[in-house]
Amino acid sequence: MDGEQVWIAQAKQGSQSAFYRLYEKHHKPIYALCWRMLADKDSAEDVCQEVFVVLWQKINNFRGESKFSTWLHSVATNVVLGHLRKHKNWLQRVFSIEEPGTNFVEPSVSLTDDSTLMLLDQHIARLPERARLVFVLFAVEGYRHEEIANMLNMAVGSSKSQYHRARNLLQASLKELEFSSGEQEMNHD
């Protein structure tokens, strides 16, 4: 049995130190998932903490039929979606791409050393809510459109169209960035 399996077994018995080891191991990827789905640093931090509270309450439900990280991502996705349902109107006002002056907050936690992925995260955060959720669930987390449609209470075709919308918006956004950085390089010559 590897260390993580021991920690899981101990956490199921109520060991807070074992649970803390699980938290330490999985905190950054769960925060990254929350941040990508919510596109807001403060909400991502709050929801990430909520994920670990739910994990503490439900760890006995983990039966080991899948990898722990896969199960935890599923728990986190459900917590994020629940948060979005509760705060839907506020999130649409704050993060809608159609609204001018949208404030964007970079994550304070370094999720990767690769600046390209960080830049992509910034562009994902600017997507409209539904498109962002579908994009993250499909492209980043690997869910199928049927699963996404079920999670977000939408038709499979809507999930696919939101994914394509997100891709097109991301491509346009990244092309705009290339154009503006190319202009900056020409101005420096």
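Preceding this section is the structure that the text describes.
Source: prediction; values computed, not measured.

## Considerations on the packing of aromatic side chains
Enumeration according to the criterion identifies eight aromatic pairs in this entry. The interplanar angle of 75 degrees and the centroid separation of 4.8 Å between the aromatic rings of Tyr-23 and Phe-52 together place this pair among those described as edge-to-face. In this pair, Tyr-23 is assigned in helix H2 (residues 16-38) and Phe-52 in helix H3 (residues 41-58), connecting sequence segments 29 residues apart. The same class applies to Tyr-23 as to Phe-52, namely buried. On the basis of an interplanar angle of 10 degrees and a centroid distance of 5.8 Å, the ring pair of Phe-135 and Tyr-163 is categorised as stacked. Here the residue Phe-135 occupies a position in helix H7 (residues 129-140), and Tyr-163 occupies one in helix H9 (residues 156-188), the gap between them amounting to 28 residues. Its relative accessible area of 10% is what places Phe-135 among the buried residues.

## Comments concerning the packing of helix H1 (residues 3-12) against H2
Between two packed helices, the angle of one axis relative to the other and the distance separating the axes together describe the packing. Look at H1 against H2: their axes get within 8 Å of each other, and the N-to-C directions meet at 130 degrees. By the criterion of interaxial angle, the relationship of H1 to H2 is oblique. With respect to the hand of their crossing, H1 and H2 are arranged in left-handed fashion. Within the contact between the two elements, H1 uses Glu-4, Trp-7, Ile-8, Gln-10 and Ala-11 and H2 uses Ala-18, Phe-19, Arg-21, Leu-22, Lys-25 and His-26. Considering only residue class, the contact of H1 with H2 consists of six nonpolar, two polar and three charged.

## Observations regarding the side chain of Arg-132
Within the secondary structure, Arg-132 sits in helix H7. At 5.4 Å, Glu-129 is the nearest oppositely charged side chain to Arg-132, a buried residue that forms no salt bridge. Within polar-contact distance, the side chain of Arg-132 engages the backbone oxygen of Leu-127 at 2.9 Å.

So, how was this worked out
Residues numbered from 1 in each chain as written. Predicted model: local features only at pLDDT ≥ 70, side-chain atom pairs only at ≥ 80, totals over all residues. Heavy atoms only, no water. Phe/Tyr/Trp six-rings, centres within 6.5 Å; stacked < 30°, edge-to-face > 60°. Helix = DSSP H or I, 4+ residues; strand = E, 2+ residues; numbered from the N terminus. Buried < 20%, exposed > 50% of the residue type's maximum accessible area, 1.4 Å probe, protein only. Axes fitted to C-alpha atoms, helices over the stretch in contact; angles between N-to-C directions. Parallel < 35°, antiparallel > 145°, perpendicular 65-115°, else oblique. Left-handed = near helix turned anticlockwise from the far one by under 90°. Contact = heavy atoms within 4.5 Å. Nonpolar A, V, L, I, M, F, W, Y, C, P; charged D, E, K, R; others polar. Lys, Arg positive; Asp, Glu negative; His and termini not counted. Salt bridge = Lys/Arg side-chain N within 4 Å of Asp/Glu carboxyl O. Polar contact = N/O pair within 3.5 Å; in protein donor to acceptor, adjacent residues only side chain to side chain.

Everything listed here is a matter of geometry and, on its own, says nothing about what the molecule does.
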